[in-house]
Amino acid sequence: MATKNTDAEIFKKYLVNKKILVVDPSASARSGIFKVFNELGAKTQQITLANNYVTAEEEIKKQKPDIVIAEYDLGKACGLELLQQQRATNPDSKKTLFLLLTGNTSQSAVARSAEEDIDAYVLKPFTPEVLRRTIMTTALAKVRPPAYNVKIDEAKALLAESKLDEAEKTLNEAVTMDPKPSLALYYLGQVKFLRELADQAEGSYKTGLSFNKIHYKCLVGLFDLLMSAKKHNEAYEVVKRVSQYFPANPKRLAEVLRLAIMNQKYEDVEKYYSVFCNIDERSDILIRYVCAALVVCGKYYLQTNNRTRAFELFQKAAVTSAGRTGILKEIVQSLVDFSLSKEAVEFLGRFPPEAQSTPEYCLLKFRVTDLNGMPSPVIAMGKELIAKGMVDEDLYEIMIRRARQANSASLVENLLYEAAAKFPDSKIFKVSSAA
């Protein structure tokens, strides 16, 4: 009984002046959590309630809460994403708590796998007593951390001082202190990585994953290791697991897309596009990555004669690009390469008005016109472009071909002469001239 009283006193002291943020879409859940904190000794003014991700994000920036307890499922967003916001405003993780409310065992597994970041999780539905006990136990573990956690903290401090021998010894001790020492094995992998012992580092990360197959830090450590070794196929399989279980962030999504294309996993790109659509903050770099990936996949489907799917991906890329001419140019040129004039005309029309006077657009329009136009209009357009000072091999090649179709020998001769002068290294015009 004395221990319980001591624990209660320690917790009460811990809770003094702590700012608490409760995030849950359910009014009854917010009310229940609020009541539990009140009963534990928190004053009403210490507790802030939020019913959605955006409000919670604003409150974290404004209040800098010490304790955040958030629902995993916040509509498009995930409560786990609030962790980074809390860390940014209140970085001392030894003095803060982050608890996640989860609705199923899958979400609970993710919470367990985010070891060292998430302090605890509570599976819904829960009783006030379960929540009360979890909050107290988690807070007391911060005040009186388990020996395993203490060892890891010691090792991290040694790592920060580049004392690799001492860190490794401490981590080897930590591994024996927990039945599932994934976190200790992650840091042991970091030691091996710093020593450039890639195989041993990989072994440590994989051993950590044998205890918890989606352990976040072990997955990220293994991914970074495989990327540094240029093992892109294996790295892709690892980052797929990360993306499947943990909230997407723009940097990781861009990397996943790049690896999907490198490994020709075209079928996966559309799944990642759906993830992208649920991200509120989309950087220009991420948008470019997504659009480029969609276009590459569209080209692949054109090559495999799946035109319907190709057009769907091109449509998504065009809409997402929001008038970015580089993406539109790639789409139109791909359609021209496959002689799809009707579709090429449609995407050509998506260029913003201010871009329709550029040489790039004019050349594209010329190529599209060449697909199904008679020689005369193509030649007329080509002459106009050449008169404006346009210098392009394709332009001359098309013009020469069309002039021959029109039986205009003098024009062919003039074009060949100009092309040979402008592109002296081109084999095309040398062959054409010889012909």
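Remember, predicted model here, so these are calculated numbers, not experimental data. (Residues numbered from 1 in each chain as written. Predicted model: local features only at pLDDT ≥ 70, side-chain atom pairs only at ≥ 80, totals over all residues. Heavy atoms only, no water.)

Visitor: How would you summarise the overall build of the chain if you had to cite specific residues and measurements?
Guide: When you go through the chain residue by residue, the secondary structure sums to 23 helices and 7 strands. Against the 2.2 N^0.38 benchmark of 22 Å for 435 residues, the chain shows a C-alpha radius of gyration of 31 Å, more extended than a compact globule. Within the span of the chain, comprising 435 residues, buried residues form 46% of the whole. Of the contacts formed within the chain by residues at least 6 apart in sequence, a portion of 59% connects residues at least 24 apart. Surface accessibility of the chain: about 22,000 Å² in total, with carbon and sulfur atoms responsible for 52%. Distance between charge centroids for the chain: 3 Å, based on 60 positive and 54 negative side chains. (Helix = DSSP H or I, 4+ residues; strand = E, 2+ residues; numbered from the N terminus. Rg over C-alpha atoms; globule rule 2.2 N^0.38 Å. Buried < 20%, exposed > 50% of the residue type's maximum accessible area, 1.4 Å probe, protein only. Contact = heavy atoms within 4.5 Å. Areas by Shrake-Rupley, 256 points an atom, 1.4 Å probe, with all protein chains shown as cover. Lys, Arg positive; Asp, Glu negative; His and termini not counted. Charge placed at Lys NZ, Arg CZ, Asp CG, Glu CD.)

Visitor: Provide a residue-level description of helix 5 (residues 105–113), including the pertinent values.
Guide: Every buried residue of helix 5 is listed here: Gln-107, Ser-108, Ala-109, Val-110, Ala-111 and Ser-113. Those residues of helix 5 that are buried lie in contact with strand 4 (73–74), strand 6 (97–102), strand 7 (120–123), helix 11 (216–228) and helix 12 (232–245). A side-chain oxygen of the first residue of helix 5 lies 3.0 Å from the backbone nitrogen of Ser-106; this N-cap is Asn-104. (Polar contact = N/O pair within 3.5 Å; in protein donor to acceptor, adjacent residues only side chain to side chain.)

Visitor: Break down unusual backbone geometry for me, citing the residues and quoting the values.
Guide: Across residues other than glycine, the phi torsion is negative in most instances, and most of the peptide bonds are trans. Cis rather than trans, the peptide bond between Lys-124 and Pro-125 has omega equal to -10 degrees. By the element assignment, Pro-125 lies in the loop between strand 7 and helix 6 (128–143). Non-glycine residue Asn-305 carries a positive phi angle of around 65 degrees. Topologically, Asn-305 is positioned in the loop between helix 15 (284–303) and helix 16 (307–321). Of the residues examined, Asn-305 reaches a relative accessible area of 60% and is grouped as exposed. Even without glycine at this site, Asn-407 takes up a positive phi of about 55 degrees. Take Asn-407: it is sitting in the loop between helix 21 (393–405) and helix 22 (409–422). A relative accessible area of 68% places Asn-407 in the exposed class.

Visitor: Account for the sheet that holds strand 6, with residues named and values stated.
Guide: Across the sheet, 5 strands lie side by side as 2-1-3-6-7; this open sheet has parallel pairing. Strands with a single pairing partner mark the edges of an open sheet, and in this sheet they are strand 2 (47–50) and strand 7. Neighbour-to-neighbour, the strand axes of this sheet turn through a mean angle of 15 degrees, independent of strand direction. Relative to strand 6, strand 3 (residues 67–71) is paired through 5 bridges, and the arrangement is parallel. The residue bridging Ile-69 from the neighbouring strand is Leu-99, located in strand 6. (Pairing = 2+ DSSP bridges. Axes fitted to C-alpha atoms, helices over the stretch in contact; angles between N-to-C directions.)

Visitor: Just give me the short version of the pattern of salt bridges, but keep the residues and values in it.
Guide: On inspection of all chains with the given rule, the structure shows 32 salt bridges. Glu-129 is the salt-bridge partner of Arg-132, the closest N and O atoms lying 2.7 Å from each other. Linking Arg-132 with Glu-129, this pair stays in helix 6, spanning 3 residues, or about one helical turn. A residue is classified by how much of its surface remains accessible, and Glu-129, at 41% relative accessible area, is partly exposed. A salt bridge links Glu-330 to Lys-299; the nearest nitrogen and oxygen atoms lie 2.9 Å apart. (Salt bridge = Lys/Arg side-chain N within 4 Å of Asp/Glu carboxyl O.)

Visitor: Could you give me a rundown of the packing of helix 10 (residues 198–211) against helix 11, with the residues and numbers involved?
Guide: Between helix 10 and helix 11, the shortest axis-to-axis distance is 9 Å and the interhelical angle comes to 155 degrees. When the interaxial angle is binned, helix 10 and helix 11 end up roughly antiparallel. Taken as a pair, helix 10 and helix 11 cross one another with a handedness that is left-handed. For the pair helix 10 and helix 11, the contacting residues are Ala-198, Ala-201, Glu-202, Tyr-205, Lys-206, Gly-208 and Leu-209 in the first and Cys-218, Leu-219, Gly-221, Leu-222, Leu-225 and Leu-226 in the second. Residue composition of the contact of helix 10 with helix 11, grouped by class: 9 nonpolar, 2 polar and 2 charged. (Parallel < 35°, antiparallel > 145°, perpendicular 65-115°, else oblique. Left-handed = near helix turned anticlockwise from the far one by under 90°. Nonpolar A, V, L, I, M, F, W, Y, C, P; charged D, E, K, R; others polar.)

Visitor: Lay out the packing of aromatic side chains in plain terms, naming residues and giving numbers.
Guide: Under the counting rule described, the total for this entry stands at 10 aromatic pairs. Measuring from ring centre to ring centre gives 4.8 Å for Tyr-186 and Tyr-187, while their planes differ by 70 degrees; the resulting arrangement is edge-to-face. Classification of Tyr-186 by relative accessible area gives buried; the value is 12%. Tyr-187 sits in the buried class, given a relative accessible area of 10%. Grouping aromatic residues by their ring pairs yields a cluster made of Tyr-186, Tyr-187 and Tyr-205. Over the face of the ring belonging to Tyr-14 we find Lys-18, whose NZ or CZ atom lies 4.4 Å from the ring centre. (Phe/Tyr/Trp six-rings, centres within 6.5 Å; stacked < 30°, edge-to-face > 60°. Lys NZ or Arg CZ within 6 Å of the ring centre and 35° of its normal.)

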